[in-house]
Amino acid sequence: METPNSPEIFDKELCDLVLAVAPRIFAVVQECEVRPGLKDGCAAAWGIAFGEDPVHVITADGTGQMVLNSPERALRWFAHGAGEDGVTARLVWLSRSGDATFDHAEAA
């Protein structure tokens, strides 16, 4: 990256670069049918995907961590008995906001 003439332009280019290479965040949600026609669910884990690299997953309670080849591999750990007991798992991806900032308070 070549440094532009103005600090403001350079800062914008850095923020754009960060957005372009940012990892993706996802949740592993578990669902079950509590009675016919009524489902319940929870976020069982959170994950971060770095492009084609392995993904990092941590359980929602913070007690378990794993590194997996793909986000879809996490589903195996959170679907009990392939749904035999009614618990299934899906991935829910957080969308990119399209904004980046140097200010931590603004990012939250």
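Each remark here, short or long, concerns the structure printed above.
Given the structure is predicted, the values throughout are model-derived calculations rather than measurements.

### Regarding the pattern of salt bridges
Inference 1: For the coordinates displayed, the defined rule picks out 3 salt bridges.
Inference 2: With a shortest N-O distance of 3.8 Å, Lys-39 and Glu-31 are connected by a salt bridge.
Inference 3: The salt bridge involving Glu-31 is made with Arg-90; its shortest N-O contact spans 2.5 Å. With a gap of 59 residues between them, Glu-31 in strand 1 (residues 24–35) and Arg-90 in strand 5 (residues 88–93) connect regions that are remote in the sequence.
Inference 4: Through salt bridges with shared partners, a single ionic network connects Glu-31, Lys-39 and Arg-90.

### Re the sheet that holds strand 3 (residues 55–59)
Inference 1: Reading across the sheet, the 5 strands line up as 4-3-2-1-5 and stay open at both edges, with antiparallel pairing between neighbours. Taken across any chain shown, the strands that pair with only one partner, and hence form the sheet edges, are strand 4 (65–68) and strand 5. When the angles between neighbouring strand axes are averaged without regard to direction, this sheet yields 30°.
Inference 2: Here strand 1 pairs with strand 5 via 6 bridges, running antiparallel. Opposite Val-28, over in strand 5, you have Leu-91 as the bridge partner.

Here is what the cut-offs are and how they apply
- Residues numbered from 1 in each chain as written.
- Predicted model: local features only at pLDDT ≥ 70, side-chain atom pairs only at ≥ 80, totals over all residues.
- Heavy atoms only, no water.
- Salt bridge = Lys/Arg side-chain N within 4 Å of Asp/Glu carboxyl O.
- Helix = DSSP H or I, 4+ residues; strand = E, 2+ residues; numbered from the N terminus.
- Pairing = 2+ DSSP bridges.
- Axes fitted to C-alpha atoms, helices over the stretch in contact; angles between N-to-C directions.

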